[in-house]
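Descriptive structure summary
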Amino acid sequence: MSTDGQPHILAIGGGTFLPDGREGLAPSPLLRYAFDLTGQDRPRVCFLTTAVGDGAEYIARSYAAFSSMDAEVSHLALFPMPNVADVRAHLLGQDLLYVSGGSVANLLALWRLHGLDEILREAWQEGVVLSGQSAGALCWHAGGNTDSFGPQLRPLTDGLGFLPYSCGVHYDSDPQRRPLLQQLVGEGTLPGGYAADEAVGLHYVGTEFVQAVSYRREAGAYRIEPDGPGTAKEYRLEPRLLAAF
């Protein structure tokens, strides 16, 4: 739980983990920032890999990546059945929930089937910090765009809606992302919202955007708003630079 008792979400455009030079992954400063939001010296952290089908190799790599952090780490898998006896109790007993990238469409379908949409909202309202990158960032918002259905991006309009905004991820690395998000906001398919380049996190307290953070000086965050019939305007938001650790 966050020590301030407030609901926190850190939505990451990409770059939570970095290659460690040994065919593995190392946590970036964005993960340390998420840990710090809990206010705990040794937080209880659960990661969810629904978006990649709870693949055994992915879960093993995630445990290895989290191993350098001082935390009590667990995971929730839904394939072939939940790996914990009481999903609600397990999730509400955490300080931080981290959601991997992958297919946000499949993630939302499975979560709703298992009632995680309601459990995660309860956890968030109780002060469990929510975080994740790509699909794990988009899911908390009203919608965005996704490659869940194929390489050509398509709108996603049925996110969990904890945050009443659209969300753009991988904003500087996928050339389809920026123009499509602006189009969808401009035509009213999606509400105005926020977008994050690689290595950028969007920090919300409750439903209020409070700041962007990054470990890359050149990276940016953006506010996208409707600007007349069928058009949108984008405003750059300078992230606070995070120190390496």
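What you are looking at is a predicted structure, and each value in this text was computed from that prediction instead of being measured. (Residues numbered from 1 in each chain as written. Predicted model: local features only at pLDDT ≥ 70, side-chain atom pairs only at ≥ 80, totals over all residues. Heavy atoms only, no water.)

A short note on the overall build of the protein chain
Within the protein chain one finds 7 helices and 16 strands. Its C-alpha radius of gyration of 17 Å places the protein chain within 12% of the 18 Å reference for a compact globule of 245 residues. When its C-alpha atoms are laid out on the principal axes, the protein chain stretches across 50 × 40 × 35 Å. Here the protein chain holds 245 residues, and 54% of them are scored as buried. Put simply, of all contacts in the protein chain between residues at least 6 apart along the chain, 69% involve residues at least 24 apart. For the protein chain, the exposed area adds up to about 10400 Å²; of that, 50% sits on carbon and sulfur atoms. Across the protein chain, the 17 positively charged side chains and the 28 negatively charged ones have centroids separated by 3 Å. (Helix = DSSP H or I, 4+ residues; strand = E, 2+ residues; numbered from the N terminus. Rg over C-alpha atoms; globule rule 2.2 N^0.38 Å. Buried < 20%, exposed > 50% of the residue type's maximum accessible area, 1.4 Å probe, protein only. Contact = heavy atoms within 4.5 Å. Areas by Shrake-Rupley, 256 points an atom, 1.4 Å probe, with all protein chains shown as cover. Lys, Arg positive; Asp, Glu negative; His and termini not counted. Charge placed at Lys NZ, Arg CZ, Asp CG, Glu CD.)

A closer look at the state of the cysteines
Taken as a whole and assessed by the stated rule, the structure comprises 0 disulfides. No disulfide involves cysteine 46; its sulfur sits 14 Å from the nearest other cysteine sulfur, which is in cysteine 139. (Disulfide = S-S within 2.5 Å.)

Quick look at the sheet that holds strand E16 (residues 240–241)
Overall, mixed pairing links the 8 strands, which are arranged E5-E4-E6-E7-E1-E12-E13-E16 in an open sheet. If you trace the sheet from one side to the other, it starts and ends with strand E5 (72–76) and E16, each paired once. Sheet topology note: the strand E13 (residues 208–214)/E16 ladder contains 2 bridges and is parallel. Residue valine 213 lies in a different strand from E16, and its bridge partner there is arginine 240. (Pairing = 2+ DSSP bridges.)

Observations regarding the sheet that holds strand E8 (residues 141–146)
Strand order in the open sheet formed by 6 strands is E9-E8-E10-E11-E14-E15, with mixed pairing between adjacent strands. Either end of the sheet is taken by a strand with one partner, and the two such strands are strand E9 (154–156) and strand E15 (232–237). If you compare each strand with its neighbour and ignore which way they point, the axes differ by 25 degrees on average. In terms of strand pairing, E8 meets E9 through 3 bridges, oriented antiparallel. Looking at E9, one finds that glycine 144 is bridged to leucine 156. The strands touched by helix H7 (residues 177–186) are E8, E9, strand E10 (163–168), strand E11 (193–196), strand E14 (221–226) and E15; relative to E8, the strand with the most contacts, the crossing angle is about 135 degrees. (Axes fitted to C-alpha atoms, helices over the stretch in contact; angles between N-to-C directions.)

So, the pattern of salt bridges
Under the criterion given, the structure shown has 11 salt bridges. Linking arginine 88 and glutamate 122 is a salt bridge whose minimum nitrogen-to-oxygen distance equals 2.5 Å. Separated by 34 residues along the polypeptide, arginine 88 in helix H3 (residues 87–92) and glutamate 122 in helix H5 (residues 116–125) bring together distant segments of the chain. For the salt bridge of glutamate 234 with arginine 178, the shortest nitrogen-to-oxygen distance reads 3.1 Å. Remark: arginine 178 occurs in helix H7 and glutamate 234 occurs in strand E15; sequence separation between them is 56 residues. (Salt bridge = Lys/Arg side-chain N within 4 Å of Asp/Glu carboxyl O.)

Comments concerning the side chain of threonine 50
Relative to the elements of secondary structure, threonine 50 occurs in the loop between strand E4 (44–48) and helix H2 (56–66). The class for threonine 50 is buried, based on a relative accessible area of 4%. Among all residues touching threonine 50, those that are not within four sequence positions of it are Leu78, Phe79, Leu107, Leu110 and Trp111.

What about the nonpolar core?
Soluble, globular proteins show a tendency: their nonpolar side chains are buried together. Counting 45 residues, the largest nonpolar core has Trp111 and Trp140 as the members making the most contacts within it. Here this core gets 5 residues from one element, more than from any other, and that element is H5. When sequence neighbours within four positions are dropped, the list of residues in contact with tryptophan 111 reads Leu48, Thr50, Leu78, Val99, Leu116, Asp117, Leu120, Cys139, Trp140 and Leu160. Counting 21 residues, the second largest nonpolar core, distinct from the first, contains Phe47, Ile59, Met69 and Val129. (Core = buried A, V, L, I, M, F, W, Y, C linked by side-chain atoms within 4.5 Å.)

Some thoughts on the side chain of serine 214
For serine 214, the location among the structural elements is in strand E13. Reaching out from serine 214, the side chain makes a polar contact with the backbone nitrogen of arginine 216 at a distance of 3.0 Å. (Polar contact = N/O pair within 3.5 Å; in protein donor to acceptor, adjacent residues only side chain to side chain.)

Some points on unusual backbone geometry
In this structure, the amide linkage connecting phenylalanine 79 to the following residue, proline 80, adopts the cis form with an omega of -10 degrees. Look at alanine 199: it is not a glycine, yet its phi comes out positive at around 70 degrees. Counting through the fold element by element, alanine 199 comes out in the loop between E11 and strand E12 (200–205).

A short note on the packing of aromatic side chains
Applying the stated criterion across every chain yields a total of 15 aromatic pairs. Judged by centre distance (6.5 Å) and plane angle (20 degrees), the ring pair of phenylalanine 35 and phenylalanine 66 falls under stacked. Placement of phenylalanine 35 in helix H1 (residues 29–38) and of phenylalanine 66 in helix H2 is noted, with a sequence separation of 31 residues between them. On the basis of relative accessible area, phenylalanine 35 is assigned to the buried category, the value being 2%. Owing to a relative accessible area of 2%, phenylalanine 66 belongs among the buried residues under this scheme. Ring geometry for tyrosine 165 and tyrosine 194: centres 5.3 Å apart, planes at 90 degrees, overall edge-to-face. One end of the pair, tyrosine 165, is in strand E10; the other, tyrosine 194, is in strand E11, with 29 residues separating them in the sequence. Exposure class is identical for tyrosine 165 and tyrosine 194. Each is buried. Chaining the aromatic ring pairs together yields one cluster made of Phe17, Phe35, Phe47, Tyr63, Phe66 and Tyr98. In this structure, arginine 154 is placed above the aromatic ring of phenylalanine 149, and the distance from its NZ or CZ to the ring centre is 4.4 Å. Across the ring face of tyrosine 194, the terminal group of arginine 223 is positioned such that the distance to the ring centre comes to 4.8 Å. (Phe/Tyr/Trp six-rings, centres within 6.5 Å; stacked < 30°, edge-to-face > 60°. Lys NZ or Arg CZ within 6 Å of the ring centre and 35° of its normal.)

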